[in-house]
Amino acid sequence: MRVLLLRSLRERFRRTVLTSLAVVIGVALISGTLIFTDTISRSFDEIGEVSYRGVAVAVTPAVPIGTPSSEGSDDDRGLPKDTVDRVAGAPGVRIAVGQVSGPAIIYRKDGRTRVGGQGPPTQLISALPPGVGGVTYTSGRGPTGPDEVVFDTATAERAGVRVGDTVVVQGEGPRRRLRLVGTAGLGEIGSFGPRPTVIATQATAADLLGREDRRYWSQVLALSAAGTRDEQVAADVRRVAGDGATVRTGEDQGARQSKEIKDRISFLPTILLVFAGIATFVGAFLIFNTFTITMAQRQREFALLRALGAARGQVRAMVAAEAFTVGLLGATLGLVAGFVVAPALRALIKAFGVDLPATATVFSGRTILVGFVVGMAVTAAASLLPARRATRVAPVEALRDAAAPPGRGAVPRGPVIAGAVIGVVGVVGLGLSLAGTVTDDTGTAFAGGGAGLLFLAATLISPVLVGPIARLLGRPLQRLFGLPGRLAQDNAARQPGRTAITSSALMIGLALVVFATVFAAGLRETLRGDIERVVAAPVVVQASGGSFSGVPTSVVGAVRRAPGVQSAGGVGFSRVAVGGRRASLTIFDAEALRTGLVRLQRTDGGGRAGDPGVGRAYVTDTVADSLGARAGRTLIARGTNGEDHLLRIVGIVQGSASAVSGVVVNGETAAEFGTTQPFFVVADGSREAVQRALSRDYPATEALTRGDWITDQTGQVNQLLGLVYALLGLSVLVALFGIVNTLTLSIQERIRELGLLRAVGATRAQVRRMVLLEAVITALLGALLGAGLGFVLAAAVGATLDGFALSIPIGQIALLIVLTGALGVVAAIRPARRAAKVEVLEAIAGE
Amino acid sequence: MTPARDVLQPLLCVNAHVSTPIVQADALRKTYGRGETVVTALDGVSVDFAAGELAAIMGPSGSGKSTLMHCVAGLDRPDSGTVTIDGVETGSLDDKRLTELRRDRIGFVFQAFNLLPVLTAEENILLPLTIAGRKPDPEWLESLIATVGLGDRRDHRPSELSGGQQQRVAVARALASRPAVIFADEPTGNLDSRSSEEVLELLRRSVDEFGQTVVMVTHDAHSASYADRLVLLKDGAIVHDGPAGGSDAVHERLRQITDPEADAAGTVARDPRT
Ligand SMILES: Nc1ncnc2c1ncn2[C@@H]1O[C@H](COP(=O)(O)OP(=O)(O)O)[C@@H](O)[C@H]1O
Ligand SMILES: [Mg+2]
């Protein structure tokens, strides 16, 4: 039996590899994701470690309880200027140094184009004395004079500047021209993580960031005297540091910093693993189909073995061993391929603006374990049914005539009924979670499981649809291509189960693509509707390119002074904690509300909402419900600066997910909560005038007309969609391998027919066209089912979102369907060439 | 085929009907393998087939019958020698031309698997015409279907037809494009005697009624007795070429060229009706 197994694997080597490919891609994505995230995680650990190397104690502004430290930024908080002296006075402290840091904007050489606008915001930090912190200068030196500055190496490269060049940096106030005196990185890592970093002297940094003595330092670091323990020094410092300060050992602080960053990007591995899982799920279809077909083709071989006395168990063991080999081979190759996928994922994320650090590649035991378990389990699950069927063959089958592939296969009724039942269960599961009957993690599980079952149901039911759809698609093909079109249609429909599974793999990928497309279109329209309702201002100023990092506070004044502008106001977003619960903080400058540049609709009968006034707030209807807030009541809210303030609710306004949410205050009130920087500035007057007024001091801002700005805002959804497309593309790729595999196997099966066609005069081109068209039919079948399913899912999910405007991007969907058909052709190129190469003699030699 | 030939053909037929063979094979050699294991399948075979003739090729198993037929029919290329079909030398044709020659000038009937399972009987019959993108002459189609006796089964798929019916459809398919010659490799090899009879009758009538040229490979003396002419092969060479005669005569010929130990002749001889 072992000889037989090895022979059969070798004979079918190419097919084994092709089948394994499905496993390879799935496992490669999973292990690639794990390698990638482990590597990032390790890199952040190293960054944390290096940043606090040699630092005994780190003092930072206390993180207010209830505020999300991992989401807000430290930039709004600060330690009083005298903290350094107090810390220096603690026993065991040799030296204490303070560091100022905050958000900044840097420009390319031309002084106008922003560097790193799309990614995480740029940070400006003050230089520390040599030996404190892990900064090493890779070229030049550290800043010493008031007009000197250092960039991190990657940023200098991106900005296209070299040591000695003049660079332009902007903090809270107008931009400043400084001289680049060096480039830097952290220790052996060479970067500061994903954030572009600018280093200036303490005085320059404080000036650029507009620091006041009350909130001056971002952190104070202490080096210890010889013979002290860090924990002891930390305890001593804690006694003198004051209330608003948190004191940790340097090691703790490094670990904490790394954890905070990792928490911030913790969604990334989850999302990547979900997409890897989808690709693996699709891969399982491919494996299932391949095994089903090959087992069917080998019926006679198995029957012969049985007739010669092989026990059923022996045949089953042989098949199981083959599946095992496929799984093992696939998992191993997948793990190796993970090393290619990991940097590719990093490059993908980088293409979307986030350059995550990767020091040494981390290949953990867990990655190996997960890779093998997934690879083997998927293969085992997918080959179980075909293997069982194969071993049920009766020995007499061996004596029957070589079974020619059937002319027209029947659709077994059992799976279709099962499919219908599963579909109902899936709809119920999806419905329960969408209706909010089950929520949180269970809800997510119900939604995911429901969608999964729906896919399974569609797969089981789809054989019924193969015939009709093949005829529908086949008719025009026949008219266009004649006989090849006719035969392609018949061939696609002759084994409906096989065609259905092949196209189902594509269906899943396409359903998700269409889901994302429809959902994104809906999101875009919803966003547009929300914004249009709220923003009435004819001109909006934002950071160039629509960066999320906002504009300097002083821009509001600059806009207001522009010729022709009567009124202007900032719009910002932040968070507060109310009674320990987080809520969004939406900020409109009083002037914007008063003058109607921004319109809020009151839902408690007050018409349009004006300026709430200092210390007063509106709440949106949803927050009013969840907090039980009514007009006239007073809330205690805690800002990102950790300060508590009273907020008197003066009314309830209509909320919307994307424009107005949570607690609505004016700019003055927001300043008390530590938020000053607006995201946008709304104004009247003309766009040109505003743009001209800003171009000298704020070249990184752009003034847009209301219409352009709204288009720009809604367009950002597309960028996200691009990332989703890129990740789903891999599932589609696996599905295309499925088409290649099925066609290859079918052609092997139909070799005599091909020979006959050639004998009676079909040209190679006609045979090739026939196979290509069969692939087109299969692909379009998947595309149509997928588009339908994706649309239904998007509509269902959209229906649960408040005010979600479902829109049907018909053009886009049609394009996707056509594209899928074209991909089918690409997938069929090789099988078609193989089919066209069939020699008549080769085909009739089997007699 | 060139338009010039279309015009010339009637003239050629009138002037040289007897002397111009439809198929000419000249000094065909074909070997398989190399070194120690080299097998000479055709050892310098020259043979012509005239228009309106039903020729049977016989010989012991492995004597080169199939190889000869494949080479002559343009399915395979001989190592040396030339094949001319309907005035066209096949050796010089590229794959596309050869395919078109097969499509337009040659009909095939194989031992098994002659029909596409996805097509109906009628569609199978019309296959060569459909491939060529030609419209069938309805009268011709009707007479074909009537001749093969499939009137009520024209819309059935091959899986719904008996073996004999399938082979008759195959013969009709071969006739459909009115080819210059039909090659049939053991067309009754898989059939019982009654079905064999029907298929052989059909081939015979196609020669008698339509003037069709048919070359048939068989190992069955009874089948060969339907032929006008018998060509006997042994070890890749022609050992007899003459009128077929009855099945007894064929039988005798076979016996002469076969060693008494070789079982090929023995099995051939045991036809129940001889
Ligand atoms: N493709 C091939 N490869 C090697 N030898 C072959 C091949 N085809 C035929 N032969 C050999 O050539 C000889 C003639 O074969 P064939 O023409 O099939 O004989 P027949 O049809 O008379 O039984 C035989 O010895 C056979 O073994
Ligand atoms: Mg033969």
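These numbers were taken from a predicted model, which means no experiment stands behind them. (Residues numbered from 1 in each chain as written. Chains lettered and ligands numbered in written order. Predicted model: local features only at pLDDT ≥ 70, side-chain atom pairs only at ≥ 80, totals over all residues. Heavy atoms only, no water.)

1. Some words on the overall build of chain A
Spelled out, the test is: Put simply, DSSP marks the helices as runs of H or I at least four residues long and the strands as runs of E at least two long, and each gets a number from the N terminus on. To sort residues, take the accessible area from a 1.4 Å probe on protein chains only and compare it with the maximum for the residue type: under 20% means buried, over 50% means exposed, and anything in between is partly exposed. Every residue pair with non-hydrogen atoms within 4.5 Å of one another is taken to be in contact. In summary, the charge assignment counts Lys and Arg as positive and Asp and Glu as negative, without counting His or the chain termini. In plain terms, the charge of a residue is placed at NZ if it is Lys, CZ if Arg, CG if Asp and CD if Glu.
Looking only at helices and strands, one finds 25 helices and 22 strands in chain A. Along the first, second and third principal axes, the C-alpha atoms of chain A reach 95 × 70 × 50 Å. Buried residues in chain A amount to 53% of all 847 residues. When contacts within chain A are restricted to residue pairs at least 6 apart in sequence, those whose partners lie at least 24 apart make up 83%. The averaged location of the 64 negative side-chain charges in chain A is 11 Å from the averaged location of its 86 positive side-chain charges.

2. Examining the interface of chain B and chain A
This is how it is decided: Buried area: the accessible area, evaluated with a 1.4 Å probe, that two parts lose upon being put together, summed over both parts. Only one rule defines a salt bridge in this text: a Lys or Arg side-chain nitrogen within 4 Å of an Asp or Glu carboxyl oxygen. Polar contacts, as used here, are pairs of N or O atoms within 3.5 Å; protein pairs need one atom able to donate a hydrogen and one able to accept it. Residues neighboring in sequence count only if both atoms are side-chain atoms.
Across the contact, 25 residues belong to chain B and 26 residues belong to chain A. On the chain B side of the interface with chain A, the three residues burying the most area are Phe 113, Val 118 and Ile 131 of chain B, jointly 27% of the side's total. If you look at where chain B meets chain A, you find three salt bridges. Connecting chain B to chain A are seven residue pairs in polar contact (both at pLDDT 80 or more).

3. Some points on a positive patch on the surface
Residues and elements named next belong to chain A. Let me state the cut-off plainly: Residues enter patches when their relative accessible area tops 30% and they take part in no salt bridge; the joining distance is 9 Å for like charges and 5 Å for the nonpolar side chains Val, Leu, Ile, Met, Phe, Trp and Tyr. The accessible surface values rely on the Shrake-Rupley method and a 1.4 Å probe; as for residues, cover is taken only from the protein chains in view.
Together, Arg 14, Arg 768, Arg 769, Arg 830, Arg 833 and Lys 837 give the surface a local cluster of positive charge. Within the residue set of the positive patch, elements represented by two or more residues are helix H23 (764-800) and helix H24 (810-837). At three residues, the largest contribution of residues to the positive patch is made by H24. Examined against the element boundaries, Arg 768 turns out to sit in helix H23.

4. Considering the nonpolar core
We apply this condition: To form a nonpolar core, buried Ala, Val, Leu, Ile, Met, Phe, Trp, Tyr and Cys residues must be joined to one another through side-chain atoms within 4.5 Å. An automatic or database domain assignment supplies the residue ranges for each domain.
Of all hydrophobic cores here, the largest spans 163 residues; its most connected members are Phe 36, Phe 302 and Leu 757 of chain A together with Leu 28 and Phe 183 of chain B. If you tally residues by element for this core, the top one is H23 of chain A, at 16 residues. No fewer than three residues from each of domain 1 (50-264) and domain 2 (464-534 + 707-847) of chain A sit in this core. Setting aside chain neighbours within four positions, we find Phe 183 of chain B in contact with Val 23, Met 69, Val 72, Ala 73, Ile 106, Gly 107, Phe 108, Val 109 and Val 215 of chain B. Listed in part, the 43 residues of the second largest apolar core include Leu 129, Trp 140, Leu 175 and Leu 232 of chain B.

5. Some points on the sheet that holds strand S10 (residues 219-224) of chain A
Residue and element names in this part refer to chain A. Short version of the rule: If DSSP finds at least two bridges between two strands, the strands pair. Only C-alpha atoms enter the line fits that serve as axes; for helices the fit covers just the stretch in contact. Angles between N-to-C directions range over 0 to 180 degrees.
Taken together, the four strands give an open sheet; going across it, the order is S2-S10-S1-S11, and neighbouring strands pair in antiparallel fashion. Of all the strands in the sheet, just strand S2 (93-99) and strand S11 (245-249) have a single pairing partner and so form its edges. For this sheet the average axis-to-axis angle between neighbouring strands, irrespective of direction, equals 20°. Relative to S11, strand S1 (residues 57-61) runs antiparallel, the two sharing five bridges. Residue Pro 61 lies in a different strand from S11, and its bridge partner there is Ala 245. Most of the contacts of helix H7 (residues 250-264) go to S11, to which it runs at about 105°, and overall it touches S1 and S11.

6. Comments concerning the packing of aromatic side chains
This is how it is decided: Here a pair means two rings of Phe, Tyr or Trp (six-membered ring of Trp) with centres within 6.5 Å. Their orientation is stacked below 30 degrees between planes, edge-to-face above 60, and tilted elsewhere. Our definition puts a charge over a ring when NZ of Lys or CZ of Arg is within 6 Å of the ring centre and also within 35 degrees of the ring normal.
Throughout the structure, instances matching the rule amount to ten aromatic pairs over all chains. Of the aromatic side chains, those joined through ring pairs into one cluster are Phe 573, Phe 679, Phe 680 and Trp 709 of chain A. Taking NZ or CZ as reference, Lys 81 of chain A lies 4.5 Å from the ring centre of Tyr 216 of chain A, over its face. One cation-aromatic arrangement involves Arg 178 of chain B over Trp 140 of chain B; the distance from NZ or CZ to the ring centre is 4.4 Å.

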